[in-house]
Amino acid sequence: MVRVTYKEQVLAEDPNPVVVEGNYYFPPDSVNKSLFTPSGTSTVCHWKGTASYYSAQIHGDVVKDIAWYYPDPKTKASHIKDHVAFYKNKVTIE
């Protein structure tokens, strides 16, 4: 089981998240989306497409752009559509 936490709050948990470029991508149903709000940030990857970002409010902390996902990925990344990845420097992944 791979678990993502921030100050002991579980953000995502899944036995087999998809790994792409060293990042775990969690299926949407394994993510505690009640903690997240869209941040308005987006970036573009040449082979995955345009990523959208989430910020989170956890235990009084607002963590901007804590996670990202691809709502409409390019064909080569279709297997991670809507899966959520987290910044390793903002969360604990174990």
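The structure under discussion appears in the preceding block.
Below is a summary of the structure that appears in this document. (Residues numbered from 1 in each chain as written. Predicted model: local features only at pLDDT ≥ 70, side-chain atom pairs only at ≥ 80, totals over all residues. Heavy atoms only, no water.)

**Overview of the sheet that holds strand E5 (residues 36–45)**
Rules: Two strands are counted as paired when DSSP detects at least two bridges linking them. Counting from the N terminus, the helices are DSSP H or I runs at least four residues long and the strands are E runs at least two residues long. Lines fitted to C-alpha atoms define the axes here, with helix axes fitted over just the stretch in contact, and angles between the N-to-C directions of these axes take values from 0 to 180 degrees.
The strand order across the open sheet built from 4 strands is E5-E6-E7-E8, with neighbouring strands paired in antiparallel fashion. Every interior strand has two partners, whereas the edge strands, E5 and strand E8 (84–86), have only one. Across the sheet, the mean angle separating the axes of adjacent strands is 35° when strand polarity is ignored. Alignment of strand E6 (residues 49–58) against strand E7 (residues 61–69), held across 6 bridges, turns out to be antiparallel. Looking across to E7, one finds that Gln 57 is bridged to Val 62.

**Things to note about the packing of aromatic side chains**
Spelled out, the test is: Pairing of aromatic rings covers Phe, Tyr and the six-membered ring of Trp, with a centre-to-centre limit of 6.5 Å; geometry is then stacked below 30 degrees between planes, edge-to-face above 60, and tilted otherwise. Burial here depends on accessible area, computed with a 1.4 Å probe over protein chains only, as a share of the maximum for the residue type. Under 20% is buried, over 50% is exposed, and the range in between is partly exposed.
Applying the stated rule across the entire model yields 10 aromatic pairs. Ring geometry for Phe 36 and Tyr 54: centres 5.5 Å apart, planes at 40°, overall tilted. In this pair, Phe 36 is assigned in strand E5 and Tyr 54 in strand E6, connecting sequence segments 18 residues apart. For the pair formed by Phe 36 and Tyr 54, the shared burial category is buried. Arranged with centres 6.0 Å apart and planes meeting at 50°, the rings of Phe 36 and Phe 86 form a pair that is tilted. On the criterion of sequence distance, the pair formed by Phe 36 in strand E5 and Phe 86 in strand E8 is long-range, its members being 50 residues apart. Taken as a pair, Phe 36 and Phe 86 share a single burial class, namely buried. Counting every residue linked through ring pairs, the aromatic cluster contains Tyr 24, Phe 26, Phe 36, Tyr 54, Tyr 69 and Phe 86.

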